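This is what each chain is made of:
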Amino acid sequence: MRYFLIATFLVFFNVVQAQQPHTPAFNAHDISISWQAVQNDYQGKPQSLNALVITNHGHAALPATGWKLYFNSARGIAEQTVSNNAKIEIVNGDLFTITPNGSFAGIKEGDSTRIDFIGKEPVINLSDSPEGFYVVWDTQPEKGYPIGSFTSKPFKPNYVGLYTPAVIYQQNKIIQDVASAKLTKVFPTPVDYQETAGAFTIDDKTGITADAAFKNEAGYLSAELLGLGIKVSAQKAARSISLKMVPNLGDEGYGLSITPQNITVNASTAAGIFYGIQSLKTLISPTAWAAHKKIIQVPCVEVKDEPRFAYRAFLLDVARNFQTKAQVLKLLDAMSLYKLNVFHFHLTDDEGWRIALPSLPELTAVSSQRGHTLDSKQYLPPSHGSGAETGKLAGSGYYTRADYIEILKYATERHIAVIPEIESPGHARSAIKAMDARYTRLMGEGKKAAAEQYLLRDLNDQSEYASVQYWKDNVIDVSLPSTYNFVETVIEDVVGLYKEAGAPLKTINFGGDEVPPHVWEKSPAYLTLKAIHPEIKNTGDLWYYFYGKVNQLLKAKGLYLSGWEEIGLRKTAIDGVPTYVPNPDFETEHLQTEVWNNSLGGGQEDLAYKLANGGYKVVLTSVTHLYFDMAHYKSYDEPGYYWGAFVDIDKPFSFIPYDYFRNTTVDKNGLPVNQSIFIGKQRLTDYGKTNVLGLQGALWGENIHDANRMEYMIFPSILGLAERAWAKDPDWATERDTTISKQLYQKDWINFVNIVGKRELPRLDYYHGGYNYRIPKPGVLSQNGKYIANIQFPGLTIRYTTDGKEPDVKSKLYTGGVSAGSQIKFRAFDSRGRASNVAEPAQ
């Protein structure tokens, strides 16, 4: 019996051991990887030669086979490596693998191996770097092991349009210093502004009085002044701030009068009072926010103001990379300060679903998380460098019901409408995979009808396609009745959230962009629907079928449909050339289209104007001037994408909404645009102007990995957006004489950058905890044996070193020309001591 028990135990032990996942002997954390771009225009083609160096820091050899490296890359990569020691393959989306081949010899402890590969595009900046490397062992394919570290080495490419310190200097040289006393102290620029004699003193004896309709705004003002250390008395005071109802000042207009005895804000609406309060706050000295002063002097002024556009929006994409609730609230604070009133919340995309809906818990249970997976049944795969492990920012995360309601309440108090975006039918992989998981669970419970209730793909569809972002399975099948069950349930849950928050909801954005060719072609559901509906001739007609039904579902809830430009377009041809025209089927519905595509040379430069002239409501979100995820300019050390343009603060500031052909003067390389490209393009009619609702800046999240990068890309460029959306149409935008127009523009630009540098950046240093805005690199030029430097924003300081070290807050302050030397470096600094990138002049 004893021997039988021992034998039984040994058999059981061996079975258990066989069932345990194999733990690799090599620790992946002992690997470091560095990437460097080696050469652009490799082999005389528009591609790049790149090198990955894998170093083994451990005490065991990395074997020659039995593993793969997984990583993400926004750029295409050739499968065969130049070094011929590995193969690179795309998995799905931006996820790739590197598999060693027979020429890979393994890596001994302390040694390195290099893999050279071809990138299918030139390398422009650090955002072209691969990211998110981890190891997967062949014996344990379901598990990913993070490597120890990854670094991107600097690259100094020689390409057209490079922003060198000398180029930056030439761009900045028109900027003159304007005395602070001469600057308008309300921002954005009001319609009418007059400074008068004297000042009003705000201290702990100041009182606030308000008409009944403005009780909430009075509480907001009191809380904001508490942030400065001031306790405001609610009792009758000798000096008071009064919020008064005055008729006929417009929906968002206000008057602001400050005398030594009283501050009076007049408006016809609570929104108008709120914007008068924001103007009062920008009149407060920026240094007050740093010092929490208990006595503040506010200059006496007379202001009459109202916005140019009723729709002043900012889009934040949290689907690609998640941003916390606290960061969203912080953004709303800045938006309200600068009088932006619409927050477009891009909550879902292929890479993530970020809002909890009670009827469909799988949406966040599965699709709010990213990590290594073979099938996306439990969570989504890594994207944008999010790595092998779930539960980590910024790849994973979502807003609970309570979180979202708090965001809605916070925005509503600040007169910001929150428009949720639910991407469909493309960009919808997160929703598709979540509903697949629901289907699998319910089928396992024997509940077939319930399992199929919200299914978003035909399980027998054999269609093959690839999206612009390389996804092979990211489009909802709009032929399925279950798709509309899903859409209706999402609408109902979203409406419920807004109702509970007491927040206004007029529309839901249902996406509509970038559905790839060949989708649905082999879907049995499509073939069945086509047989029933003779008006559906091809898969292109499914577009109108889908959005027609979504529009009806929204209308049933008292909402209207908004989406990207494609929702309002019909595919057709002119002389055999494919083109888009406004879809007459939806013109009478006055759908809201948000138009991003004015890319030069794409043939759609006038798309926004076509839609507005055709009766569609248009929000201008032009990629060339309003996409804040674009790199600021063409330099390796400036992060961001650049496929549509380079977007610094001058781009939104110079934007002419009713004639953006005119302000499109350079291409994405900074080279002059031949204006003949606009010949024959549709201009905006007077009727079309009535359909342009306003402007929207956008921050897409692919390369926004943390809060610092988010703020770097948004600020201070958002001030250019705020100025154009609020301030009246500037004279330079309508002046027909190009010489006079240029002179008028330069005068306004000089004043604007002085206001930003001397008033708004110091305010943002400390306002609501401070914002990590981008500090521009100094311009530097060699002249007469000396280096001279300048800066985009007067008010920032420039420091330099001559020993090759990077300048810090203790380095010499630049006050004039510096004798040329071989190791000189310059940097700009803000009032907190944060620094710009280093400007290193060419020798």
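Up top is the structure these notes are about.
What you see is a predicted model, and the numbers here were worked out from it, not measured in a lab.

Enquirer: Could you give an account of the pattern of salt bridges, naming the residues involved and the relevant values?
Expert: For the structure on display, the rule yields 43 salt bridges. Between Lys-448 and Glu-452 there is a salt bridge, with its nearest N and O atoms 2.8 Å apart. On the criterion of helical spacing, the pair formed by Lys-448 and Glu-452 is a turn pair, its members being four residues apart in helix α10 (residues 448-452). Relative accessible area serves as the criterion here: at 48%, Lys-448 is assigned to the partly exposed category. One salt bridge in this structure joins Asp-648 and Arg-774, with 3.6 Å as the shortest N-O distance. Taken together, the residues Asp-648 in the loop between α15 (623-626) and α16 (650-654) and Arg-774 in the loop between α22 (738-766) and β28 (779-783) connect sequence positions 126 residues apart. Here Asp-648 matches Arg-774 in class, with each residue buried.

Enquirer: How would you explain the packing of aromatic side chains if you had to name every residue and give the values?
Expert: Counted under the stated rule, the structure contains 46 aromatic pairs. Ring centres 4.9 Å apart and planes at 45 degrees place the aromatic pair Tyr-220 and Phe-274 in the tilted group. Of this pair, Tyr-220 sits in helix α3 (residues 215-226) while Phe-274 sits in helix α4 (residues 270-283), placing them 54 residues apart in sequence. Accessibility classification places Tyr-220 together with Phe-274 in one group, the buried group. Here Arg-75 stacks its cationic end above the ring of Tyr-641, 5.4 Å away from the centre of that ring.

Enquirer: Hey, could you go over the nonpolar core for me, with residue numbers and the actual values?
Expert: Phe-486 and Phe-826 are the most contacted members of the largest nonpolar core, which totals 196 residues. Residues within four places of Phe-486 in sequence aside, it is in contact with Trp-353, Leu-360, Leu-363, Ala-431, Met-435, Tyr-454 and Leu-456. Judged by nonpolar contacts, the second largest core, of 33 residues, contains Ala-86, Ile-88, Phe-96 and Ala-631.

Enquirer: How would you sum up the sheet that holds strand β15 (residues 296-305)? Please name residues and give values.
Expert: The strand order β10-β15-β13-β14-β12-β11 describes an open sheet built from six strands, whose pairing is mixed. Each end of this open sheet is capped by a strand with a single partner; those strands are β10 (192-202) and β11 (207-210). For this sheet, the mean angle separating the axes of adjacent strands, direction not counted, is 20 degrees. Direction of pairing for β10 relative to β15: antiparallel, over a ladder of eight bridges. Residue pairing across strands places Ile-202 opposite Ile-296, the latter belonging to β15. Sitting on the sheet, α4 touches β10, β12 (240-245), β13 (254-258), β14 (262-267) and β15, and the angle it makes with β13 is about 40 degrees.

Enquirer: Help me get a handle on the pairing of β15, residues and values and all.
Expert: Pairing of β13 with β15 involves four bridges; the strand directions are antiparallel. The residue of β15 that forms the bridge with Gly-255 is Lys-304.

Enquirer: Give a description of the sheet that holds strand β3 (residues 67-72) that names residues and reports values.
Expert: One key point about sheets: their strands pair by backbone hydrogen bonds, in either a parallel or an antiparallel sense. Strand order in the open sheet formed by five strands is β4-β5-β3-β7-β8, with antiparallel pairing between adjacent strands. Single-partner strands in this sheet number two, and they are β4 (86-92) and β8 (145-146). The pairing of strand β7 (residues 131-137) with β8 spans two bridges and is classified as antiparallel. Opposite Val-135, over in β8, you have Tyr-145 as the bridge partner.

Enquirer: How would you explain the environment of Ser-73 if you had to name every residue and give the values?
Expert: Within the secondary structure, Ser-73 is located in the loop between β3 and β4. Note on Ser-73: relative accessible area 4%, which makes it buried. If near-sequence neighbours (up to four positions away) are discounted, Ser-73 is found in contact with Asp-94 and Phe-96. Reaching out from Ser-73, the side chain makes a polar contact with the backbone oxygen of Arg-75 at a distance of 2.8 Å.

Enquirer: Can you explain the environment of Gly-161? Please cite residues and give values.
Expert: Tracing the sequence through the fold places Gly-161 in the loop between β9 (149-152) and α2 (165-172). The partly exposed category is assigned to Gly-161, whose relative accessible area is 23%. Along the backbone, Gly-161 and Tyr-338 are 177 residues apart, and their C-alpha atoms lie at a distance of 32 Å.

Enquirer: Describe unusual backbone geometry, naming the residues involved and giving the relevant values.
Expert: Residue Pro-188 follows Phe-187 across a cis peptide bond; omega there is -5 degrees. Tracing the backbone shows Pro-188 in the loop between α2 and β10. If you check the backbone angles, Lys-339 has positive phi at about 65 degrees while not being a glycine. Notably, His-518 is not glycine yet its phi reads approximately 75 degrees, a positive angle. In this fold, His-518 is placed in the loop between β21 (507-509) and α12 (524-532). His-518 sits in the partly exposed class, given a relative accessible area of 47%.

Calculation notes
Residues numbered from 1 in each chain as written. Predicted model: local features only at pLDDT ≥ 70, side-chain atom pairs only at ≥ 80, totals over all residues. Heavy atoms only, no water. Salt bridge = Lys/Arg side-chain N within 4 Å of Asp/Glu carboxyl O. Helix = DSSP H or I, 4+ residues; strand = E, 2+ residues; numbered from the N terminus. Buried < 20%, exposed > 50% of the residue type's maximum accessible area, 1.4 Å probe, protein only. Phe/Tyr/Trp six-rings, centres within 6.5 Å; stacked < 30°, edge-to-face > 60°. Lys NZ or Arg CZ within 6 Å of the ring centre and 35° of its normal. Core = buried A, V, L, I, M, F, W, Y, C linked by side-chain atoms within 4.5 Å. Contact = heavy atoms within 4.5 Å. Pairing = 2+ DSSP bridges. Axes fitted to C-alpha atoms, helices over the stretch in contact; angles between N-to-C directions. Polar contact = N/O pair within 3.5 Å; in protein donor to acceptor, adjacent residues only side chain to side chain.

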